[in-house]
Amino acid sequence: MRKQALRASEALSVGASMADLDELEITTVLGCPVDCNYCPQSQLRQTKGNRKNRLELGDFRKALGNLDIDCRISWTGYSEPCLSQDLPEMMISAMDNRRDQVISTTLNGNKDSIDWIIRNPICKLFVLHLPDGQNNMKGLKIDSSYINNLKLAIESYLKSGNIGRIRIMVFGNKLRAEVSDIVKYYYQKGLLTPRNFKISTEPSSRVDGVQHVQGMKLVKDSLGNYNKVSSMGYLCTKRKLNQPVLLPDGSLNICSFDYGFRGIYGNLFKDKYSKIRKEWIHHIKSTYSLGSLNPCTKCEHYVPYEYLSKYTKYQEKDSPYVAWFDTKLTLEESILRAINIS
Ligand code: SF4
């Protein structure tokens, strides 16, 4: 379902709506060797300091026990989820807890975890974050095993009747050649359709953590400084306040765009989520609505209410299927360009 931005009035009453939580994002390991150019891992390395590095299985189960709100579990956060060898057991625990699950993976990390997520097509959304033609996923090793895993992942969801749950995601105009051949095969057979794609040619700055990406404009370059204008009501157009990130030490951070950990609150290993959320919303609601919440003040998605229409022009492209692509191209044309057909 497409996310709706909060209206200013809703923003002001955000604390009243605890049912608003969409997803809890999970970071299984702090630090990611894939080191994409549009992901500020160097900032993360400085930020994390002595913070606990790996999410332990027992701690994750404690967090699940305290998650007293209906929401999905999203395996993404600040790094590749398969870096954890405990990922399969954690996903089984989330299943036992009757949670819908979403994963975004580069198919990099612990071999057993990669095998498990490929062979168990349980996710409501299985995002394959694939390499672009400019090599912006610079730490990704593309060998025969990687290529084989990519095919197996698509086949696994195909055989389970859930191919609609696969999303091919690329940051850039084109997929890397070795990968685009595989995607092209499934697309030309009609097994993957435009609804399976998310093509992003304009990444977010991730709260000013990213300054430049080879071959791409950033969202903030398109939108300019509109979000610096004062207003009586601001809101997060990404609805990210409703999607906090669990860190390996149990604390939550405001959203997955903030690699500087400037919005840390609570501890889900110790307290119920509803209590943590209520206290946090009470703490931030006026600064959020009035446009002075840190780190949102540095974020292009923090928008004064009267500038929403300008933002919406871009956000219309931010359907579940495609984001920020060249406005002159249709979705289908963007896909054909990405898989080297046009
Ligand atoms: S930092 Fe940006 S994306 Fe995150 S909650 Fe604030 S406005 Fe939304």
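Everything numeric here is computed off the predicted structure, so don't read it as measured data.

Draft legend 1. Spatial organisation of the environment of Arg262. Position of Arg262 among the secondary structure elements: in the loop between strand S9 (252-253) and strand S10 (264-265). It is 10.0 Å that separates the C-alpha atoms of Arg262 and Leu293, two residues lying 31 residues apart in sequence. Setting aside residues no more than four positions away along its own chain, Arg262 makes contact with Asn294 and Pro295.

Draft legend 2. Local environment of the packing of helix H6 (residues 144-159) against helix H7 (residues 177-188). Direction vectors running N to C along H6 and H7 enclose 20 degrees, while the axes themselves pass 10 Å from each other. Of the possible angle classes, the one that applies to H6 and H7 is roughly parallel. For the crossing formed where H6 meets H7, the hand is right-handed. Side by side, H6 and H7 meet where Ile147, Leu150, Lys151 and Ile154 of the first sit next to Glu178, Val179, Ile182 and Tyr186 of the second. Residues that form the contact of H6 with H7 fall into these classes: six nonpolar, no polar and two charged.

Draft legend 3. How the structure looks around the nonpolar core. Ranked by size, the top nonpolar core spans 81 residues in total, and within it Leu128, Ile168, Val183 and Leu246 carry the most contacts. Not counting residues up to four positions away in its chain, the partners in contact with Leu128 are Thr105, Leu150, Ala153, Ile166, Arg167, Ile168 and Met169.

Draft legend 4. Local environment of the pairing of strand S5 (residues 166-171). Note: strand S4 (residues 125-130) against S5, five bridges, orientation parallel. Among the inter-strand pairings, Val127 is bridged to a residue of S5, identified as Arg167. A crossover links S4 with its parallel partner S5, the connecting element being H6, and its sense is right-handed. As judged from the four bridges shared by S5 and strand S6 (residues 197-200), these two strands associate in the parallel manner. Each residue of the ladder has a partner; that of Val170, found in S6, is Ile199.

Draft legend 5. Fine view of the site of the ligand. Residues in close proximity to the ligand total 14 residues, the closest being Cys236, Cys255, Cys296, Cys299 and Tyr302. By residue class, the composition of the shell around the ligand is 10 nonpolar, one polar and three charged.

Draft legend 6. Representation of H7 within the structure. Taking 1.5 Å per residue, 12 residues should reach 16 Å; H7 reaches 16 Å between its end C-alpha atoms and fits that length. Taken as a whole, H7 has its buried residues at Val179, Ser180, Val183, Tyr186 and Tyr187. End-on, the buried residues of H7 take up no more than an arc of 125 degrees, which puts them together on one face. Exposed and facing more than 90 degrees away from the buried side of H7 are Ala177 and Gln188. Its buried side turned inward, H7 meets S4, H6, S5 and helix H11 (331-338).

Draft legend 7. Up close: helix H3 (residues 57-66). Of all the residues in H3, the buried ones are Phe60, Ala63 and Asn66. Buried residues along H3 cover an arc of 120 degrees about the axis, so they all sit on one side. In the core, the buried residues of H3 are packed alongside helix H4 (87-96), strand S8 (245-246) and helix H9 (273-290).

Conventions we followed
- Residues numbered from 1 in each chain as written.
- Predicted model: local features only at pLDDT ≥ 70, side-chain atom pairs only at ≥ 80, totals over all residues.
- Helix = DSSP H or I, 4+ residues; strand = E, 2+ residues; numbered from the N terminus.
- Contact = placed C-beta atoms within 7 Å.
- Axes fitted to C-alpha atoms, helices over the stretch in contact; angles between N-to-C directions.
- Parallel < 35°, antiparallel > 145°, perpendicular 65-115°, else oblique.
- Left-handed = near helix turned anticlockwise from the far one by under 90°.
- Nonpolar A, V, L, I, M, F, W, Y, C, P; charged D, E, K, R; others polar.
- Core = buried A, V, L, I, M, F, W, Y, C linked by C-beta atoms within 7 Å.
- Buried ≥ 20, exposed ≤ 12 C-beta atoms within 10 Å, placed from the backbone.
- Pairing = 2+ DSSP bridges.
- Right-handed = clockwise from strand over helix to strand, strands pointing away.
- Near = placed C-beta within 6 Å.
- Expected span 1.5 Å × (residues − 1).
- Arc of directions from axis to C-beta.

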